[in-house]
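Architecture at a glance
So the chains spell out like this:
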Amino acid sequence: MKPSVILYKALPDDLQKRLEEHFTVTQVKNLSPDTVAQHADAFARAEGLLGSSEKVDSALLEKMPKLRATSTISVGYDNFDVEALNARKVLLMHTPTALTETVADTLMALVLSTARRVVEVAERVKAGEWTKSIGPDWFGVDVHGKTLGIVGMGRIGLALAQRAHFGFNMPILYNARRQHKEAEERFNGRYCDLDTLLQEADYVCLILPLTDETHHLIGKAEFAKMKKSAIFINAGRGPVVDEKALIAALQNGEIHAAGLDVFEQEPLPVDSPLLTLPNVVALPHIGSATHETRYSMASTAVDNLIDALNGKVEKNCVNPQVK
Ligand SMILES: NC(=O)c1ccc[n+]([C@@H]2O[C@H](COP(=O)([O-])OP(=O)(O)OC[C@H]3O[C@@H](n4cnc5c(N)ncnc54)[C@H](O)[C@@H]3O)[C@@H](O)[C@H]2O)c1
Ligand SMILES: O=C(O)[C@H](O)CO
């Protein structure tokens, strides 16, 4: 008999078929208590769980006594209570390499669009304001040759450094939990403490996981250390930044602009002050959202679940020790 799995995200037809070749699949719309109660038998039987963007906590695990593996269609896994999974010896699989280059493209897009005010001036053109040759009130600032500070020199940080170094001739400062030889040898990156990076960078780019350690890593004191001309970018996770402090820093002119793909609350509430600031580019968490990359992530996640339920955890496994 095929193992049972719960699928909580729609998959392209061919991937759904691949999943069904290996498992008996119950598709649900989300992991809310109501949905779990409605499909209680399927959750009780399930050995695997596949999807994204929903909390997987100990309350859910209690409803899934047979669960052996979870597979998330994302690289970030802050939605999972990893301690609870470890205690139950449930494997957690993710999609680390499938999206790296695409997210680095998004970061670069945020750098360029904030610096050159792309969204703001395009809106002015659409509003009919381009009635004569433009003056300095339409100008932006340069990107090439400016100092880029990357906080979180992991897979995506490295891919951003590559773009900035080779494409834009930007000197690179970085902060991470350890020094990265590759960043230094290939992209001339200079490791420094967070304070130095905040003080010296023209562009401060965050691409960090959300952990207890990184929660509100950037707040009032950190914005105060940045240059008044600094542009702040976050495509890691919203709660790494104290959003109230970010709004105040923008409103008080402590920093020049911000490009944001992630927020403390998503979707971003429509009454957020961020949406009233012309020097903010706010994106709806599109870091990896291209057709090619989202397909590749879903395909990897399906393969990850097949591997994990067959005891194969050589790659893409967050907690291989529980096997
Ligand atoms: N916006 C999006 O759509 C999107 C897409 C993909 C990833 N992400 C986020 O980006 C994160 C990074 O992805 P990755 O593949 O580069 O991960 P990674 O594990 O390769 O890199 C993470 C880096 O952060 C560093 N780090 C961790 N804690 C730190 C701390 N306290 N201080 C300084 N540095 C610290 C690590 O040393 C590492 O260099 C993901 O965890 C996810 O939250 C967002
Ligand atoms: O972590 C990730 O993969 C992205 O944020 C998509 O959720």
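Residues numbered from 1 in each chain as written. Chains lettered and ligands numbered in written order. Predicted model: local features only at pLDDT ≥ 70, side-chain atom pairs only at ≥ 80, totals over all residues. Heavy atoms only, no water.

**Concerning the site of ligand 1**
Taken together, 26 residues lie near ligand 1, and Arg155, Ile156, Glu213, Ala235 and Asp261 sit nearest. In this structure, Ala235 approaches ligand 1 through a main-chain N or O atom, which is 2.9 Å from a nitrogen atom. For ligand 1, the protein covers 90% of the area, taking 860 Å² as the surface of the free molecule. Here the shell around ligand 1 is built from residues that sort into eleven nonpolar, ten polar and five charged. (Near = heavy atom within 4 Å. Polar contact = N/O pair within 3.5 Å; in protein donor to acceptor, adjacent residues only side chain to side chain. Areas by Shrake-Rupley, 256 points an atom, 1.4 Å probe, with all protein chains shown as cover. Nonpolar A, V, L, I, M, F, W, Y, C, P; charged D, E, K, R; others polar.)

**Some remarks on the site of ligand 2**
Every residue close to ligand 2 is listed here: Ser74, Val75, Gly76, Leu99, Arg237 and His285. A distance of 2.7 Å separates an oxygen atom of ligand 2 from a polar backbone atom of Val75. One of the side-chain nitrogen or oxygen atoms of His285 is found 2.7 Å away from an oxygen atom of ligand 2. Relative to its unbound accessible surface of 230 Å², ligand 2 loses 83% to contact with the protein. Residues of the shell around ligand 2, tallied by class, amount to two nonpolar, three polar and one charged.

**A closer look at the UniProt feature "active site" (unreviewed entry) in the chain**
UniProt's entry tags Arg237, Glu266 and His285 with the feature "active site" (unreviewed entry), counted in the numbering of this structure. A maximum C-alpha distance of 10.3 Å places the annotated residues, which cover 49 residues in sequence, within one compact spot. Along the chain, Glu266 turns up in the loop between strand 11 (257–260) and strand 12 (280–282). In this structure the side chain of Glu266 is engaged in a polar contact, spanning 2.8 Å, whose partner is the backbone nitrogen of Phe263. Secondary-structure assignment places His285 in the loop between strand 12 and helix 13 (291–309). A relative accessible area of 30% means that His285 is categorised as partly exposed. Ignoring any residue separated from it by four or fewer positions in sequence, one finds His285 in contact with Arg237, Asp261, Val262, Glu266 and Arg294. A distance of 2.7 Å separates the side chain of His285 from the side chain of Glu266, its partner in a polar contact. (UniProt positions renumbered as here; feature names shortened; annotations may be inferred. Helix = DSSP H or I, 4+ residues; strand = E, 2+ residues; numbered from the N terminus. Buried < 20%, exposed > 50% of the residue type's maximum accessible area, 1.4 Å probe, protein only. Contact = heavy atoms within 4.5 Å.)

**Side note on unusual backbone geometry**
Geometrically, the link from Glu266 to Pro267 is a cis peptide bond, its omega value of -10 degrees lying close to zero. Examined against the element boundaries, Pro267 turns out to sit in the loop between strand 11 and strand 12. Here the phi dihedral of Asn188 falls at roughly 55 degrees; this positive angle occurs in a residue that is not glycine. One can find Asn188 in the loop between helix 9 (181–187) and strand 8 (190–191).

**Observations regarding empty space enclosed by the protein**
All told, the structure shown has one cavity of 30 Å³ or more when counted by the stated rule. Here the largest cavity defines a volume of roughly 30 Å³. Taken together, Asn234, Gly238, Val241, Glu243, Leu246, Leu260, Val262 and Phe263 make up the full set of residues lining the largest cavity. Across the lining of the largest cavity, the residue classes tally to five nonpolar, two polar and one charged. (1 Å grid on protein atoms, 1.4 Å probe; cavity = no way out; pocket = protein on both sides within 12 Å on 5 of 7 lines; lining within 4 Å. Points joined across faces, edges and corners; volume = space filled by probe spheres on them.)

**Side note on the layout of surface pockets**
Of the volumes computed, that of the second largest pocket is approximately 310 Å³. Surrounding the second largest pocket, 16 residues form its lining, Leu277, Pro278, Asn279, Val280 and Val281 being those nearest its centre. Of all the elements in the fold, those that place two or more residues in the lining of the second largest pocket are helix 6 (100–115), helix 7 (118–126) and strand 12.

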